[in-house]
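Residue strings, one per chain:
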Number of protein chains: 2
Amino acid sequence: MKIGELSKVTGCSVQTIRHYEKEHLIASAERSEGNFRLYDEAAVEQLLFIKHCRSLDLSLPEIRQLLALNRSPGAQCDDVNRMMDRHIEQVEARIQELTRLNEQLRMLRRSCSNRRTVEQCGILRNLSATPVSSG
Amino acid sequence: MKIGELSKVTGCSVQTIRHYEKEHLIASAERSEGNFRLYDEAAVEQLLFIKHCRSLDLSLPEIRQLLALNRSPGAQCDDVNRMMDRHIEQVEARIQELTRLNEQLRMLRRSCSNRRTVEQCGILRNLSATPVSSG
DNA sequence: ATAAACTCTATAACAACTATAGAGTCAATC
DNA sequence: GATTGACTCTATAGTTGTTATAGAGTTTAT
Ligand SMILES: [Zn+2]
Ligand SMILES: [Zn+2]
Ligand SMILES: [Zn+2]
Ligand SMILES: [Zn+2]
């Protein structure tokens with residue numbers, strides 16, 4: 001299987017696959033006589049694993065760590081858990097941050113009722129005022 | 001006022017201020033005899049405006065647009081409103097996305113109860129399985 | 001005169017891709 | 001056998017909003 005087919009099968013772009021190889025998320029593929037990368041089913045599996053992780057916003061270094069653990073099946077999985085906990089924390093922190101932001105944005109948006117000139121625009125006036133101290 | 005003082009007063013780093021100048025968010029500062037940038041109170045105001053916008057996650061192009069509108073006080077402020085609406089939409093979309101993500105992460109996290117070996121780790125097993133189709 | 005603290009420009013790094021350019025490979029057609 | 005088209009290769013730059021350098025120049029104080 002050449003890289004184009006792997007791309008179709010997995011839904012990862014060709015460049016992304018090459019990028020993952022350069023970043024050592026997948027092993028360097030064997031090459032054909034004409035220097036084309038060649039892949040097998042194992043590559044499909046691994047790429048889908050990576051894609052799944054990415055869909056959960058895990059970073060490439062985090063995924064690299066998970067892949068390494070996956071390769072040493074005897075190890076304890078405390079490391080995996082710690083990583084997941086930290087990652088979940090960060091996601092939740094980001095949600096809180098965006099939620100606070102959203103409230104401020106909606107409040108700001110309410111301060112303009114269209115059809116005004118910029119001069120009287122509550123949005124711009126509020127943006128010009130000293131920002132709300134936000135931690 | 002030189003750039004270091006402006007930085008202290010506004011809380012923007014020196015590099016950030018130079019960056020904003022390059023990106024035309026603030027006008028090119030006048031220079032001293034020794035080629036140092038010189039600022040006045042208006043620069044402080046404008047930088048605080050930008051900082052306030054950034055704290056709301058408005059992008060630099062968006063801020064550039066707001067600043068331009070601010071400079072033409074006769075214009076209608078429909079543009080401002082449209083931008084804010086779009087921005088709010090995006091923030092809310094991101095919140096939803098992260099919330100869904102968070103649920104999946106927590107579910108995944110529950111599939112491992114520590115002290116197991118990686119081989120039996122529910123997290124890694126689930127990550128290896130075909131991802132949940134997520135729109 | 002010299003040192004410390006500041007400023008200048010230009011450039012690279014960050015994350016995770018995406019998009020080019022320019023060259024090479026392969027299969028099929030004429 | 002030459003040409004076309006689809007594919008692949010490497011290398012490089014762009015995305016976003018900073019942050020961090022390097023190496024040089026300026027100002028202020030001692
Ligand atoms: Zn993470
Ligand atoms: Zn308005
Ligand atoms: Zn926006
Ligand atoms: Zn586990």
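Rules used throughout
Residues numbered from 1 in each chain as written. Chains lettered and ligands numbered in written order. Predicted model: local features only at pLDDT ≥ 70, side-chain atom pairs only at ≥ 80, totals over all residues. Heavy atoms only, no water. Donors = N, O, S within 2.8 Å, 3.2 Å for Na, K, Ca; no water. Helix = DSSP H or I, 4+ residues; strand = E, 2+ residues; numbered from the N terminus. Buried < 20%, exposed > 50% of the residue type's maximum accessible area, 1.4 Å probe, protein only. Least-squares fit on C-alpha atoms with pLDDT ≥ 70 in both. Contact = heavy atoms within 4.5 Å. Arc of directions from axis to C-beta. Salt bridge = Lys/Arg side-chain N within 4 Å of Asp/Glu carboxyl O. Polar contact = N/O pair within 3.5 Å; in protein donor to acceptor, adjacent residues only side chain to side chain. Nonpolar A, V, L, I, M, F, W, Y, C, P; charged D, E, K, R; others polar.

## Notes on the coordination of the zinc ion (ligand 1)
Residues and elements named next belong to chain A. Within the protein, the zinc ion (ligand 1) binds to Glu62 (OE), Glu62 (OE) and His87 (ND1); these donor distances fall in the range 2.0 to 2.5 Å. In this pair, Glu62 is assigned in helix H4 (residues 60-71) and His87 in helix H5 (residues 78-110), connecting sequence segments 25 residues apart. Neither residue differs from the other here; Glu62 and His87 are each classed as buried.

## A closer look at the relation of the copies chain A and chain B
If you rotate chain A by 180° and push it 0.0 Å along the axis, it lands on chain B with an RMSD of 0.1 Å. Interpreted geometrically, this transformation is the action of a two-fold axis. Considering only C-alpha atoms, the residue of chain A closest to the rotation axis is Ile95 of chain A, which sits at 3.0 Å. A symmetric contact is evident, with 100% of the interface residues of chain A recurring at the interface of chain B.

## Structural notes on the coordination of the zinc ion (ligand 2)
Bound to the zinc ion (ligand 2) on the protein side are Cys112 of chain A (SG), Cys121 of chain A (SG) and Cys77 of chain B (SG), at distances that span 2.1 to 2.4 Å. Of this pair, Cys112 of chain A sits in the loop between H5 and helix H6 (122-128) while Cys77 of chain B is found in the loop between helix H4 (60-71) and helix H5 (78-110), placing the two residues in two different chains. Overall, Cys112 of chain A belongs to the buried group, its relative accessible area being 4%. Taking the relative accessible area as the measure of exposure, Cys77 of chain B reaches 0% and is therefore buried.

## Some words on helix H2 (residues 14-22) of chain B
All names here are of chain B. For H2, the full list of buried residues reads Ile17, Tyr20 and Glu21. For H2, the angular spread of the buried residues around the axis is 100°, confining them to a single face. Opposite its buried face, H2 presents the exposed residues Gln15 and Lys22, each directed more than 90 degrees away. Along its buried surface, H2 packs onto helix H1 (3-10), strand S1 (30-31), strand S2 (37-38), helix H3 (41-55) and H4. Immediately beyond the C-terminal end of H2, within one or two residues, lies His24, with a positive phi of roughly 60°.

## Here we look at the interface of chain A and chain B
Contact residues are listed per partner, giving 51 residues for chain A and 51 residues for chain B. Note that Arg94 of chain B is salt-bridged to Asp57 of chain A, the shortest N-O span being 3.2 Å. For the pair chain A and chain B, the interface holds twelve residue pairs in polar contact (both at pLDDT 80 or more). The set of elements that each furnish at least two residues to the side of chain A that touches chain B consists of helix H3 (41-55), H4, H5 and H6 of chain A. At 20 residues, the largest contribution of residues to the side of chain A that touches chain B is made by H5 of chain A. By residue class, the composition of the side of chain A that touches chain B is 26 nonpolar, 15 polar and ten charged.

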